[in-house]
Amino acid sequence: MKSEFKNKFIFFPVPRCASATILTHLGLIPSEVPYRQISTTLPKDYHFKYTATFVRNPWERLLSAYAYYSLPGKEKEFNGKLSSNFKNFVMMLEKNKEPCFSSSDFAVEANPVIKCHHLRPQSFIVNAPCDFIGKVEYLQKDVKIMSRKIGLNPSDVKINLRKTNHKNYASYYDTITKKVVEKFYGADIDKFKYTFQS
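Residues numbered from 1 in each chain as written. Predicted model: local features only at pLDDT ≥ 70, side-chain atom pairs only at ≥ 80, totals over all residues. Heavy atoms only, no water.

K.L.:
I tried to follow the pattern of salt bridges on my own but got confused; where do I start?
P.N.:
Throughout the structure, instances matching the rule amount to three salt bridges. A salt bridge links K87 to D174; its shortest N-O distance comes to 3.1 Å. Of this pair, K87 sits in helix α5 (residues 86-94) while D174 sits in the loop between α7 (139-149) and α8 (175-184), and the two are 87 residues apart along the sequence. Exposure remark for D174: the relative accessible area of 30% places this residue in the partly exposed category. As a salt-bridge pair, D142 and K141 come within 3.0 Å of each other at their nearest N and O atoms. (Salt bridge = Lys/Arg side-chain N within 4 Å of Asp/Glu carboxyl O. Helix = DSSP H or I, 4+ residues; strand = E, 2+ residues; numbered from the N terminus. Buried < 20%, exposed > 50% of the residue type's maximum accessible area, 1.4 Å probe, protein only.)

What follows is the structure, encoded as structure tokens:
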């Protein structure tokens, strides 16, 4: 990224939304850009900077989170015993909440108590206005749009999303688990205009 634009641009990463890939493309070091609520990281000159973030279909993002925690050595980042079955993992959000939440009195609206940042609703992280909100589903197109805004040549955009090894997300859900995600991530679905597509 050109230095004159780097000082005028803020990228807010959202877990499981290609953030590391995008940050690497921008010439930034992913590990140095933490996952935090936008409202807690805004600098005083926020309104003078171009801000951007990316979001993802909640059903696909949850499957990606499960695939991530299933990788060798990653289960330790999950605060509990990871189920070997994706359906059981989804149902844990509805029933056995202790591994992921700091309180058994968890309510869907009480997003801050979520321990596992890969499971935090995107609407909890993206809780302040952004100049641009891209979607992982349109990664190439949206990164080019963002790149133009910050002075990068769109023709230089060559991003390959590091995909986890699984089939289309819809094939992993049944009627029950689909509804659990609708309830748990309802704010994300409404705010970012997502639907379940088989």
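K.L.:
Hey, could you run me through the packing of aromatic side chains in this one?
P.N.:
Ring pairs (aromatic) are described by centroid distance and by the angle formed between their planes. Counting across every chain of the model gives 13 aromatic pairs. Note on F11 and F54: the rings are 6.4 Å apart at their centroids and 40 degrees apart in plane angle, and the pair reads as tilted. Taken as a pair, F11 in strand β1 (residues 9-12) and F54 in strand β2 (residues 50-55) lie far apart in primary sequence, 43 residues in all. The class for F11 is buried, based on a relative accessible area of 6%. Under the relative-accessibility criterion, F54 is labelled buried at 0%. Consider the rings of F86 and Y172, whose centres lie 6.2 Å apart with planes at 85 degrees: the pair is edge-to-face. Of the two residues, F86 is situated in helix α5 and Y172 in the loop between α7 and α8; the sequence distance between them amounts to 86 residues. Note on F86: relative accessible area 8%, which makes it buried. Three or more aromatic residues joined by ring pairs form one cluster here, namely W59, Y66, F86, F89, Y169, Y172, Y173 and F196. Directly above the aromatic system of Y194 lies the positively charged group of K135, at a separation of 4.3 Å from the ring centroid. Over the ring of Y172 we find K167, and its NZ or CZ is 5.8 Å from the ring centre. (Phe/Tyr/Trp six-rings, centres within 6.5 Å; stacked < 30°, edge-to-face > 60°. Lys NZ or Arg CZ within 6 Å of the ring centre and 35° of its normal.)

K.L.:
Explanation requested: α8 in the structure shown.
P.N.:
The periodicity of an α-helix, 3.6 residues per turn, causes residues three or four places apart in sequence to face the same way. Considered for burial, the residues of α8 that qualify are T177, V180, V181 and F184. The buried side chains of α8 occupy one side of the element, clustering within an arc of 95 degrees when seen end-on. Next to the buried residues of α8 lie α4 (58-69), α5 and α9 (186-191). Its side-chain oxygen placed 3.1 Å from the backbone nitrogen of I176, D174 serves as the N-cap of α8. (Arc of directions from axis to C-beta. Contact = heavy atoms within 4.5 Å. Polar contact = N/O pair within 3.5 Å; in protein donor to acceptor, adjacent residues only side chain to side chain.)

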